[in-house]
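Take a look at the letters that make up each chain.
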Amino acid sequence: MTKTTASADGGAMPKIDRTALMTRAWAIFRQTYRYPEIKFSDIGRKCFAWALRQAWIEARAAAQLAALSATAKVDRIKVLETTIARADYIESGAQWKATTTACRDEIRRLRG
């Protein structure tokens, strides 16, 4: 099997630091499952696998955010602000809150 990865300039995702990824997975695992208060054998490998998947999701999101150009970020922020303005027409309070919170969180990530 050959390794075929494109350069970061070619539009491919940049490589992710696996050491930092595992460190983040352990942090998620400790925080979620109160490890080491509860023994690893009681928690199980499936729970750590879930924490590792969450760490990958965070790392991919950070890499995608870093790959966006400044104009793409500005355009995305405008779309999100329009979505927040139109969210006033959502009838369900819970759905309105979820929509506005998600949009504001993404705006913070884009500006940060």
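Throughout this document, residue positions are counted from 1 along each chain, in the order its sequence is written. Totals for whole chains, interfaces and linings use all residues, but because this is a predicted model, local features are given only for residues with pLDDT of at least 70 and pairs of side-chain atoms are given and counted only at 80 or more. Excluded from the side-chain calculation are hydrogens and water; included are all heavy atoms of the structure.

1. Topic: the packing of aromatic side chains
Each aromatic ring pair is characterised by the separation of its centres together with the angle its planes make. Working definition: a ring pair exists when centres of Phe, Tyr or Trp rings (six-membered ring for Trp) sit within 6.5 Å. Plane angles under 30 degrees give stacked, over 60 give edge-to-face, the rest tilted. Taken as a whole and assessed by the stated rule, the structure comprises 10 aromatic pairs. Plain terms: the ring middles of W26 and F48 are 4.6 Å apart, the flat faces sit at 40 degrees to each other, and that makes the pair tilted. With a gap of 22 residues between them, W26 in helix α1 (residues 18–33) and F48 in helix α3 (residues 45–67) connect regions that are remote in the sequence. Buried, partly exposed and exposed residues are distinguished by accessible area as a fraction of the type maximum, computed with a 1.4 Å probe on protein chains only: under 20%, between the cut-offs, and over 50%, respectively. Judged by relative accessible area, which is 27%, W26 ranks as partly exposed. In this structure F48 comes out as buried when scored by relative accessible area, which is 12%. Ring plane angle 50 degrees and centroid distance 5.5 Å describe the contact between F29 and F40, whose orientation is recorded as tilted. Taken together, the residues F29 in helix α1 and F40 in helix α2 (residues 40–43) connect sequence positions 11 residues apart. For F29, a relative accessible area of 0% gives the class buried. Per the convention used, a helix needs a DSSP run of H or I reaching at least four residues, while a strand needs a run of E reaching at least two, with both numbered from the N terminus.

2. Some thoughts on α1
Between the first and last C-alpha of α1 there are 22 Å, a value that for 16 residues agrees with the 22 Å anticipated at 1.5 Å per step. Taken as a whole, α1 has its buried residues at L21, A25, I28 and F29. Relative to the axis of α1, the buried residues are bounded by an arc of 100 degrees and lie together on one face. Exposed residues on α1 whose side chains face more than 90 degrees from its buried face are T19, T23 and Q31. The secondary structure elements touched by the buried residues of α1 are α2 and α3. If you check the start of α1, you find a side-chain oxygen 3.3 Å away from the backbone N of T19, and it comes from D17. Where α1 ends, the next residue or the one after it, R34, has phi of about 55 degrees, a positive value. Expected span, for any helix, means 1.5 Å times one less than how many residues it has. To be clear, the arc concerns the directions from the helix axis to the C-beta atoms. Should any heavy atoms of two residues lie within 4.5 Å, those residues are considered in contact. Distance and chemistry together define a polar contact, namely a pair of N or O atoms within 3.5 Å, with one atom able to donate a hydrogen and the other to accept it when in protein, and with adjacent residues in sequence counting only for side-chain atoms on both sides.

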